[in-house]
Amino acid sequence: MDPQDQELLDKQLRYLHVAPRRNGVVIATIVAVFLGGIIIAAPWPSRAKPAPSAANPQIASALIDAPSSLRQ
């Protein structure tokens, strides 16, 4: 970049003012949203684990550690 390009860039960016980032505010907002989601979701009951299907007895028996009557 030559001096003329640098001068032109300085003129273009002269009126551009970027506010400093406030990392503490960003982190606090992320934590607040996360905790709010946990607090809102806590009263809802968790779904019970579905019972294994007897459509495939080998898989069902492996899941519940019971012998299958249809094993070959």
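Here is what the cut-offs are and how they apply
- Residues numbered from 1 in each chain as written.
- Predicted model: local features only at pLDDT ≥ 70, side-chain atom pairs only at ≥ 80, totals over all residues.
- Heavy atoms only, no water.
- Helix = DSSP H or I, 4+ residues; strand = E, 2+ residues; numbered from the N terminus.
- Buried < 20%, exposed > 50% of the residue type's maximum accessible area, 1.4 Å probe, protein only.
- Areas by Shrake-Rupley, 256 points an atom, 1.4 Å probe, with all protein chains shown as cover.
- Patch = residues over 30% accessible without salt bridge, like charges linked within 9 Å, V, L, I, M, F, W, Y side chains within 5 Å.
- Salt bridge = Lys/Arg side-chain N within 4 Å of Asp/Glu carboxyl O.
- pLDDT = per-residue confidence, 0-100.

**Student:** Quick one: what's the story with the overall build of the protein chain, residue by residue and with numbers?
**Tutor:** In terms of helices and strands, the protein chain carries three helices and zero strands. For the protein chain, the α and β elements follow one another from N to C terminus as α-α-α. Buried residues in the protein chain amount to 6% of all 72 residues. Total accessible area computed for the protein chain in this model is approximately 7,200 Å², and 64% of it derives from carbon and sulfur atoms.

**Student:** Could you give an account of a nonpolar patch on the surface, with specific residues and numbers?
**Tutor:** A cluster of nonpolar side chains, namely Ile27, Val31, Phe34, Leu35, Ile38 and Ile39, defines an oily patch on the protein surface of about 600 Å² accessible area. Counting through the fold element by element, isoleucine 39 comes out in helix α2 (residues 23-41). On the basis of relative accessibility, which here comes to 62%, the residue isoleucine 39 falls in the exposed class.

**Student:** Give a detailed account of the confidence of the model for the protein chain, specifying residues and quantitative values.
**Tutor:** Chain-level pLDDT for the protein chain is 78 on average; 67% of the residues reach the 70-or-more range. Mean pLDDT across the elements of the protein chain bottoms out in helix α3 (residues 57-64) (69) and peaks in α2 (92).

**Student:** Give a detailed account of the pattern of salt bridges, specifying residues and quantitative values.
**Tutor:** Here the structure, examined in full by the defined rule, presents one salt bridge. Glutamate 7 is the partner of lysine 11 in a salt bridge, and the nearest nitrogen-oxygen pair spans 4.0 Å. Pair noted here: lysine 11 and glutamate 7 are both in helix α1 (residues 3-13), with a separation of four residues, about one helical turn. Relative accessible area serves as the criterion here: at 45%, lysine 11 is assigned to the partly exposed category. With relative accessibility at 48%, the residue glutamate 7 sits in the partly exposed group.

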